[in-house]
Amino acid sequence: MRAIPVPLWVLVLLGLTIAILVVLLWSVKRRRRPRLHLDTEDDFHGLIPSIVGLTQGTMVHGNKIELVQNGAFFDWLFRDLETAQKSISFETFLAKEGEVTHRLADLFCRKATGGVKVRLMLDGSGGRLFGRADLKKMQHAGVDVRKYHPVRFSTLGVLNNRDHRKIVIVDGRIGYVGGHCLVDTWLGDAEDKQHFRDISARVEGPVIAQLQSAFAENWIEESGDVLAGEEYFPETQRAGDMDAHAVWISPSGSPSAVKLLHYLVIRAAKKSITIQNPYFLPDPDARTALLDAARRGVKVRIMIPADTASDAPMVQHASHHHYGTLLKGGVQLFDYERTLLHQKVITVDGCWAAVGSTNFDDRSFEVNDEITLVVYNEAIAQELEATFERDLAHAKQVAFEQWKRRPALHKLRDFAMYVFNEQM
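In what follows, the accompanying structure is described.

### Some remarks on the overall build of the protein chain
Inference 1: Check the secondary structure of the protein chain and you find 14 helices and 15 strands.
Inference 2: Radius of gyration (C-alpha) of the protein chain: 23 Å, near the 22 Å computed for a compact globule of 424 residues.
Inference 3: Each principal axis of the C-alpha atoms in the protein chain carries an extent, and together these give about 70 × 65 × 40 Å.
Inference 4: Of all 424 residues assigned to the protein chain, the portion counted as buried reaches 55%.
Inference 5: In the protein chain, once contacts between residues fewer than 6 apart in sequence are set aside, the share between residues at least 24 apart is 82%.
Inference 6: Accessible area for the protein chain stands at about 18900 Å²; split by element, carbon and sulfur atoms hold 57% of it.
Inference 7: Of note, the protein chain has its 51 positive side-chain charges centred 6 Å away from the centre of its 53 negative side-chain charges.

### Some words on empty space enclosed by the protein
Inference 1: For the structure on display, the rule yields six cavities of 30 Å³ or more.
Inference 2: Counted as a void, the largest cavity has a volume near 80 Å³.
Inference 3: If you go around the largest cavity, you meet 13 residues; those closest to its centre are Phe73, Lys166, Ile167, Val168 and His180.
Inference 4: Counting residues per element, the ones that place at least two in the lining of the largest cavity are β2 (87-92), β5 (167-170) and β6 (174-178).

### Digging into the side chain of Lys111
Inference 1: Considering the arrangement of structural elements, one finds Lys111 in helix α4 (residues 99-113).
Inference 2: The buried charged residue Lys111 lacks any salt bridge, with Glu82 as its nearest oppositely charged partner at 4.5 Å.
Inference 3: Residues within four places of Lys111 in sequence aside, it is in contact with Leu81, Glu82, Thr83, Ala84, Ile88, Val116 and Val118.

### Remarks on the pairing of strand β14 (residues 372-376)
Residues in a regular strand project their side chains so that they alternate between the two faces of the sheet.
Inference 1: Judged by how many residues are buried, β14 sits mostly within the fold: five of five residues are covered.
Inference 2: In β14, alternate side chains face the same way, and those of Thr372, Val374 and Tyr376 on one face and Leu373 and Val375 on the other are all buried.
Inference 3: In this structure, strand β13 (residues 352-356) lies alongside β14, joined through four bridges in antiparallel fashion. For Ala354, the partnering residue across the bridge sits in β14 and is Val374.

### A few points about unusual backbone geometry
Inference 1: Residues other than glycine seldom take positive phi values, yet Gln56 does so here, at roughly 60°.
Inference 2: With respect to the helices, strands and loops of the structure, Gln56 is situated in the loop between α2 (44-54) and β1 (60-69).
Inference 3: For Gln56, a relative accessible area of 44% puts it in the partly exposed group.
Inference 4: Residue Ala190 is not a glycine yet carries a positive backbone phi of 55°.
Inference 5: Relative to the helices and strands, Ala190 resides in the loop between β6 and β7 (199-204).
Inference 6: Taking relative accessible area as the criterion, Ala190 reaches 3% and is therefore assigned buried.

### So, a nonpolar patch on the surface
Inference 1: Residues Leu8, Leu11, Val12, Leu16 and Ile20 make up a contiguous nonpolar surface patch of roughly 500 Å² in combined accessible area.
Inference 2: Of note, Val12 is situated in helix α1 (residues 8-29).
Inference 3: Using a relative accessible area of 44% as the deciding quantity, one classes Val12 as partly exposed.

### Focus: the packing of aromatic side chains
Inference 1: The final tally for this structure, using the stated rule, is nine aromatic pairs.
Inference 2: Put simply, the rings of Phe73, Phe74 and Tyr176 touch in pairs and so form one group of aromatic residues.
Inference 3: The lysine or arginine in question, Arg79, covers the ring of Trp76, its NZ or CZ lying 5.1 Å from the ring centre.
Inference 4: The aromatic ring of Phe78 is capped on one face by Arg103, whose charged end is 4.0 Å from the ring centroid.

### Describing the pairing of strand β12 (residues 344-348)
Inference 1: With five of five residues buried, β12 is to be regarded as a mostly interior element.
Inference 2: Of the two faces of β12, the one holding Lys344, Ile346 and Val348 and the one holding Val345 and Thr347 are both buried throughout.
Inference 3: Pairing of strand β9 (residues 272-276) with β12 involves four bridges; the strand directions are antiparallel. When the bridges of β12 are listed, Ile275 appears paired with Ile346.
Inference 4: Summarising the sheet, β12 and β13 pair through five bridges and their orientation is antiparallel. By the bridge assignment, Lys344 is partnered in β13 with Gly356.
Inference 5: With antiparallel pairing between neighbouring strands as the criterion, β12 and β13 make up a hairpin whose turn holds three residues, including Asp349 at a positive phi of roughly 55°.

### Structural notes on the pattern of salt bridges
Inference 1: If you walk through the whole model with that rule in mind, you get 20 salt bridges.
Inference 2: Among the salt bridges present, the one from Glu366 reaches Lys259, with a minimum N-O distance of 3.1 Å. Of the two residues, Glu366 is situated in helix α11 (residues 362-367) and Lys259 in helix α7 (residues 257-268); the sequence distance between them amounts to 107 residues. Of the two residues, Glu366 and Lys259, both sit in the buried class.
Inference 3: Of the charged contacts in the structure, one is a salt bridge between Glu389 and Arg301, with a shortest N-O distance of 2.8 Å. One end of the pair, Glu389, is in helix α12 (residues 378-391); the other, Arg301, is in strand β10 (residues 299-305), and 88 residues separate them in sequence.
Inference 4: Using a relative accessible area of 43% as the deciding quantity, one classes Glu389 as partly exposed.
Inference 5: One network of salt bridges, in which partners are shared, links Glu66, Asp80, Arg202 and Glu204.

Criteria and cut-off values
Residues numbered from 1 in each chain as written. Predicted model: local features only at pLDDT ≥ 70, side-chain atom pairs only at ≥ 80, totals over all residues. Heavy atoms only, no water. Helix = DSSP H or I, 4+ residues; strand = E, 2+ residues; numbered from the N terminus. Rg over C-alpha atoms; globule rule 2.2 N^0.38 Å. Buried < 20%, exposed > 50% of the residue type's maximum accessible area, 1.4 Å probe, protein only. Contact = heavy atoms within 4.5 Å. Areas by Shrake-Rupley, 256 points an atom, 1.4 Å probe, with all protein chains shown as cover. Lys, Arg positive; Asp, Glu negative; His and termini not counted. Charge placed at Lys NZ, Arg CZ, Asp CG, Glu CD. 1 Å grid on protein atoms, 1.4 Å probe; cavity = no way out; pocket = protein on both sides within 12 Å on 5 of 7 lines; lining within 4 Å. Points joined across faces, edges and corners; volume = space filled by probe spheres on them. Salt bridge = Lys/Arg side-chain N within 4 Å of Asp/Glu carboxyl O. Pairing = 2+ DSSP bridges. Patch = residues over 30% accessible without salt bridge, like charges linked within 9 Å, V, L, I, M, F, W, Y side chains within 5 Å. Phe/Tyr/Trp six-rings, centres within 6.5 Å; stacked < 30°, edge-to-face > 60°. Lys NZ or Arg CZ within 6 Å of the ring centre and 35° of its normal.

This is how it looks when you write it as structure tokens:
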């Protein structure tokens, strides 16, 4: 077969087109990211209004918030879902067919046929294994199921943006936010590597409206269906004495609200910072803030899963790349070895706490849709700190000298994985 000659100008034009596309993609990816700097002498309590305002939130009073851990989450969740009379809003990232999804599908079908408006938002990637039979059964029963950025040709431009939120709202009066996924490995009590460790928050009170707003944001994007009316936003009732607000907005072209939240509270800390997070890849701003906190006498403790317990060992190896800098700077690091530690929680100065879906990495801070519930309450903060203390029984503190002597292959793996840290 005779080759058809291609004119030189066509090749040059093709090369220029490819080069321009590469530059455009690079410029979008490397959009202006200013280095963050906070210069203030205010104490933590004095900065609370700034933290709320800068994260585009509104602090509301009169909430009741309870922490639910490990598989007990599903006992609480299904009990509350059974009480639904008007609406259920359910949004999650990871779902895999099994006991949890079968049970949820059956409940949703019963509720939908009984007149409850049931809406289920699954991430188009993380929720693809929910189970086809259950999805069809729910849709036939009247459950409105949507996929966020489903994987198809028409969504190629947004495929990297995933919905990592975990939100549940029942009748606009009871809510959940945290780290639990719809996978059977979240059942049990974190007793082994087949049963994961996690924490979510059960919420009652006025802050529920903010959780519903976060859910509505992505629901409207995918369906055009605007949630309004008292079945979604009932008149708020006082349920307790806790102050709280939700952080979820991700404005384009500037640091996300969840990133600003983490940065601000670390900068504001005067006594202690306690973090448990499954994926810990702090950017330069966060690393500097943590090191500065340690230098000014703040006790900084961070617990992440060991690479032998993680569901993503390469992320843990990427985390190791900056262990040395943090350890030398006085930050205490602990590797949780029992199972995957999946909770995304942080406490500051024993009086402030955050629970949500947000990982401590660039993907959560800059790419994914996330949500974090902030609670200004000593009891919640101290409960999370007590949980940290109990988890120390299954964790190993990382010593700088020992870390420095890790094998050459380990060091090479750490560096190689860190190259891709912004997409992990």
